[in-house]
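# Working through the structure, step by step
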Amino acid sequence: VKTGNEQQQQQQQQESNVLDQQWSIEERLQALNKSLPSGFKTTKERMSEINKGLNKLGLSSIYTTNNNNSTYSSSSKLLIDEKSEEEQIEEIMAQARDEVAVAKQ
């Protein structure tokens, strides 16, 4: 059987442990916040870097950025919408013929 003094000491010890744990969490969060980069890139900046990388590879993205917001490129949309089914099939067949010619070499 614990005396009132022992119970009080145990309760104080538990409270001290809780405060130590809370302080430890706060310290870790502060350290984590300090390790984060100071400024995050905007969507426009990230898309610009992605498009630059794609351009270096000879590719392009239908997702472009303009001054106000991010939109789908109207020129890419026109290329998709303006072609008839026959034109699309002909382009696919031409690409297949080119691939066969390259494979034969």
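Each chain carries its own residue numbering, running from 1 in the written order of its sequence. It should be noted that, the model being predicted, local features are given only for residues of pLDDT at least 70 and side-chain atom pairs only at 80 or more, the latter also being counted only at that level, while totals for whole chains, interfaces and linings use all residues. Side-chain figures throughout are based on the complete set of non-hydrogen atoms in the structure, without hydrogens or water.

## Section: the overall build of the protein chain
- Helix and strand counts for the protein chain stand at 4 helices and 2 strands.
- Secondary structure follows DSSP: runs of H or I at least 4 residues long count as helices, runs of E at least 2 residues long count as strands, and numbering of each begins at the N terminus. Helices (α) and strands (β) of the protein chain occur, in sequence order from the N terminus, as α-α-β-β-α-α.
- Think of it in three bands: residues with accessible area under 20% of the maximum for their type are buried, residues over 50% are exposed, and the middle band is partly exposed, with areas taken using a 1.4 Å probe on protein chains only. By residue count, 4% of the 105 residues in the protein chain fall in the buried class.
- Each accessible area is a Shrake-Rupley result for a 1.4 Å probe, and residues are judged covered by the shown protein chains and nothing else. As displayed, the protein chain has an accessible area near 9700 Å², and 53% of this comes from carbon and sulfur atoms.

## Things to note about a nonpolar patch on the surface
- Patch membership is restricted to residues that have no salt bridge and whose relative accessible area is over 30%. Joining uses 9 Å for like charges and 5 Å for the nonpolar side chains Val, Leu, Ile, Met, Phe, Trp and Tyr. Every case where a carboxyl oxygen of Asp or Glu lies within 4 Å of a side-chain nitrogen of Lys or Arg is listed as a salt bridge. Judged by side-chain polarity, Ile25, Leu29 and Leu32 come together as a nonpolar surface patch covering roughly 270 Å² of accessible area.
- Take Ile25: its relative accessible area is 43%, and that puts it in the partly exposed class.

## What about the pattern of salt bridges?
- Scanning the entire structure with this criterion turns up 2 salt bridges.
- Here Lys41 ties to Glu49 by a salt bridge, and the two come within 2.8 Å at their closest N and O atoms.
- The salt bridge partner of Arg97 is Glu90, with a shortest N-O separation of 2.9 Å.
- Residue Arg97 is classed as partly exposed on the basis of its relative accessible area, which comes to 45%.

## Structural notes on the confidence of the model for the protein chain
- Chain-level statistics for the protein chain give a pLDDT mean of 76 and a share of 76% at 70 or above.
- Each residue carries a pLDDT score, the predictor's confidence in it, ranging from 0 to 100. Mean pLDDT across the secondary structure elements of the protein chain bottoms out at strand β2 (residues 70-72), with 48, and peaks at helix α4 (residues 85-104), with 89.
- Under a pLDDT of 50 for its full length, residues 67-80 has, in the predicted model, 16 contacts with residues more than four places off or in other chains. Note on contacts: a residue pair is in contact if any heavy atoms of the two residues lie within 4.5 Å.

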